[in-house]
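A structural walkthrough
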Amino acid sequence: MSKTIYKNVLLRGAITDITVENGKIVSLTKTDRDGTDMGGLTAFAGLIDIHNHGALGLDVTYNVNAVEVVSDYLAQHGITAWYPTTQTDDIAVIRKATE
């Protein structure tokens with residue numbers, strides 16, 4: 001079981017700790033346990049990108065490996081979910097991209 005504690009996080013106007021177990025937030029209260037001191041940085045929900053063709057020079061329409069690479073990149077910048085969007089193109093190209 002993986003557990004991470006983020007100490008001294010600003011959340012809803014108050015300083016608190018965030019405890020994460022196995023990738024899920026399990027507590028938003030102060031704890032005496034050791035953790036990573038966030039120094040009052042603000043915590044906010046991940047963002048959702050509803051229209052994105054790609055990133056880093058990769059386009060999901062023309063590169064089958066783009067979704068995984070772009071997903072990793074977006075996650076590093078606060079995007080926790082995204083909708084890979086194809087370019088306007090021939091229907092055969094779009095079908096290939098969505099297989």
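The following paragraphs examine the structure supplied in this document. (Residues numbered from 1 in each chain as written. Predicted model: local features only at pLDDT ≥ 70, side-chain atom pairs only at ≥ 80, totals over all residues. Heavy atoms only, no water.)

**Observations regarding the overall build of the chain**
Scanning the chain from N- to C-terminus turns up two helices and eight strands. Mapped from its N terminus to its C terminus, the chain presents α and β elements in the order β-β-β-β-β-β-β-α-β-α. At 19 Å, the chain has a C-alpha radius of gyration far larger than the 13 Å of a compact globule built from 99 residues. Its C-alpha atoms give the chain principal-axis dimensions of about 60 × 30 × 20 Å. Within the chain, the fraction of its 99 residues that count as buried is 20%. Within the chain, contacts between residues at least 6 apart in sequence are counted, and of these 50% link residues at least 24 apart. Carbon and sulfur atoms make up 54% of the accessible area of the chain, which totals about 7200 Å². Averaging the locations of the 8 positively and 12 negatively charged side chains of the chain gives two centres separated by 10 Å. (Helix = DSSP H or I, 4+ residues; strand = E, 2+ residues; numbered from the N terminus. Rg over C-alpha atoms; globule rule 2.2 N^0.38 Å. Buried < 20%, exposed > 50% of the residue type's maximum accessible area, 1.4 Å probe, protein only. Contact = heavy atoms within 4.5 Å. Areas by Shrake-Rupley, 256 points an atom, 1.4 Å probe, with all protein chains shown as cover. Lys, Arg positive; Asp, Glu negative; His and termini not counted. Charge placed at Lys NZ, Arg CZ, Asp CG, Glu CD.)

**Considering the pairing of strand E3 (residues 24-27)**
Of the pairings in the sheet, the one linking strand E2 (residues 14-21) to E3 comprises three bridges and is antiparallel in character. Considered in E3, the bridge of Glu-21 is made with Lys-24. Counting the residues in the hairpin turn of E2 and E3 gives two residues, including Asn-22, whose phi is positive at 50°. (Pairing = 2+ DSSP bridges.)

**Focus: the nonpolar core**
Listed in full, the seven residues of the largest apolar core are Ala-55, Val-60, Ala-66, Val-70, Leu-74, Ile-79 and Trp-82. Those elements that provide at least two residues to this core are helix H1 (66-75) and strand E8 (79-84). (Core = buried A, V, L, I, M, F, W, Y, C linked by side-chain atoms within 4.5 Å.)

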